[in-house]
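This is what each chain is made of:
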There are 2 protein chains.
Amino acid sequence: MARRLGRILRGFQSLGSLAFMKSELSNLPASVSLKSMVRALPSLFSSNPRDFSLPNSSWGTEMRQLYEHYNSQCEAVTDGGEEQGRLWNRLPSYNRSLKYAAGGVYLSKIIQAKARLFTRNIRDPGAAFEYVIFANKKEQRCVCIFQAGHLLEGPPGNVHGGAIATMIDTVTGTHACVHSGPVMTANLNINYRSPIPLGSTVLIESSLDKKEGRKTLVSCKVTSADGTRLHTEATALFVSIGVSQLMKG
Amino acid sequence: MARRLGRILRGFQSLGSLAFMKSELSNLPASVSLKSMVRALPSLFSSNPRDFSLPNSSWGTEMRQLYEHYNSQCEAVTDGGEEQGRLWNRLPSYNRSLKYAAGGVYLSKIIQAKARLFTRNIRDPGAAFEYVIFANKKEQRCVCIFQAGHLLEGPPGNVHGGAIATMIDTVTGTHACVHSGPVMTANLNINYRSPIPLGSTVLIESSLDKKEGRKTLVSCKVTSADGTRLHTEATALFVSIGVSQLMKG
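Described in the following lines is the structure provided in the data block.

Conventions we followed
Residues numbered from 1 in each chain as written. Chains lettered and ligands numbered in written order. Predicted model: local features only at pLDDT ≥ 70, side-chain atom pairs only at ≥ 80, totals over all residues. Heavy atoms only, no water. Buried < 20%, exposed > 50% of the residue type's maximum accessible area, 1.4 Å probe, protein only. Helix = DSSP H or I, 4+ residues; strand = E, 2+ residues; numbered from the N terminus. Pairing = 2+ DSSP bridges. Phe/Tyr/Trp six-rings, centres within 6.5 Å; stacked < 30°, edge-to-face > 60°. Lys NZ or Arg CZ within 6 Å of the ring centre and 35° of its normal.

### Considering the pairing of strand β8 (residues 215-224) of chain A
Residue and element names in this part refer to chain A. The buried count for β8 comes to seven of ten residues, which makes it a mostly enclosed element. When strand β7 (residues 201-212) meets β8, the two strands line up antiparallel, connected through ten bridges. Its bridge partner being in β8, K210 is matched across the sheet by L217. Following β7, the chain reverses through two residues before pairing antiparallel with β8; G213 in that reversal takes a positive phi of roughly 60 degrees. Two successive antiparallel strands, β8 and strand β9 (residues 230-240), enclose a turn made up of five residues, where G227 displays a positive phi of approximately 80 degrees.

The following block contains the structure:
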């Protein structure tokens, strides 16, 4: 079970790096030191991965303005010469988690090599999920600015319920991961209040409800960019996976 | 509110056709008869849309075998010369709902024309969602055979929780639509029990729990192709939208 759980990691960059390190390291001789392994890691990527959370030409005015609003608070704040730390952290986002996979009878080497993170699998800017997540560790909350592209249609002219669920899982899962380390989704409970028109920019805000043993509870709401219209409300439950379990995978 | 609801349609083919008809018809002179409008409809499509629920070269053995199992029961059953009706119906699936959209300040004409159904937005066979839904009206249940492609990754080597939620919304929503006509998703409550490896084929079975006024409740489980392993359980609540509301949209 521990072995099984260890394989079930969320595809976030932090976990991705950890698990990637683990998988690549398993091919190295046992005598190689940790330091030299860590130095060798960047060269294991075929090229520098693109950070999809940075602005591109498809971003509309609302997306850019909100990005600037939070990004400007990512710099260190000083109060009377004393550094108070940064209010927000922008979290980078890649289109692959790692080349390591759970294996099993179904999974071919080809699938492993071609695997892409679901929310970043379309390269055409603006066509699908455009988003950036900022984390505020002090206030234990995250905010995601999400611009919904034309390939996410469900009800005519509006975003698919599954695409909204995908973003809620992504934001709350990232939040749980920032707070509790490696986690996997155990429950999502989503109430759809009003539709999100294709092409619009919305805010997804998550807040930490509770951490109890291995469980992390996060709640979340999706509103219009100006915060006046509630689109979706959700709660999410995540279960922690220890790094030791991860390394055992 | 009725007007608003009328615009919020699920992107299923049946609704798609209805709403498409409505939008295209609004450009026709009021004196055109219904019969002539219906005859004119096929020519409004630029080409015959591809039915994505038919087998293609990316389908693995399990996907094909399960497809054949249910498809063979789609033919009329006769008992002593008396036709008993078909046990199952295969539901076709397209990559666009219609050219009609909710409008509003966010939505440009370009977005409307380029919009694609979220689950059918990638044309590369086998890369994302390969699925086919069969409906059994008599037993009030649906079954979906789903092969998860390499572009749906969440946890390394496994399907993203959002992609699973997307398929659950699609299957339960189609089921609610078959039973109750036009609906919109109001709630999804999903319990993730065990991960789904990328590349595997799973069964998504939905059953009708209750129809109460405008509410339709459907429950759903996702299992391995042989039914031995439970991956996900969910309940879904849908709210009906009357055709009259739809036509007002």
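### Here's the deal with the pairing of β9 of chain A
As paired elements, strand β6 (residues 183-192) of chain A and β9 of chain A share nine bridges and run antiparallel to each other. Bridge pairing links T185 of chain A to F238 of chain A in β9 of chain A.

### What to know about the packing of aromatic side chains
Evaluation of the coordinates by the stated rule reveals 15 aromatic pairs over all chains. Between the aromatic rings of F118 of chain A and F118 of chain B, the centroid separation amounts to 5.7 Å while the plane-to-plane angle is 40 degrees, which identifies the pairing as tilted. Within this pair, whereas F118 of chain A is found in the loop between α5 (109-114) and β4 (129-136), its partner F118 of chain B is found in the loop between α5 (109-114) and β4 (129-136), the two belonging to separate chains. The exposure class of F118 of chain A is buried, given its relative accessible area of 2%. For the pair F129 of chain A and F118 of chain B, a centre-to-centre distance of 5.7 Å together with 80 degrees between the ring planes defines the contact as edge-to-face. Of this pair, F129 of chain A sits in strand β4 while F118 of chain B sits in the loop between α5 and β4, placing the two residues on different chains. Considered together, F129 of chain A and F118 of chain B belong to a single accessibility category, that of buried residues. Ring pairs connect the aromatic residues F118, F129 and F146 of chain A together with F118, F129 and F146 of chain B, which therefore count as one cluster. The residue whose ring lies beneath R120 of chain A is Y131 of chain A, and the NZ or CZ to ring-centre distance is 3.6 Å.

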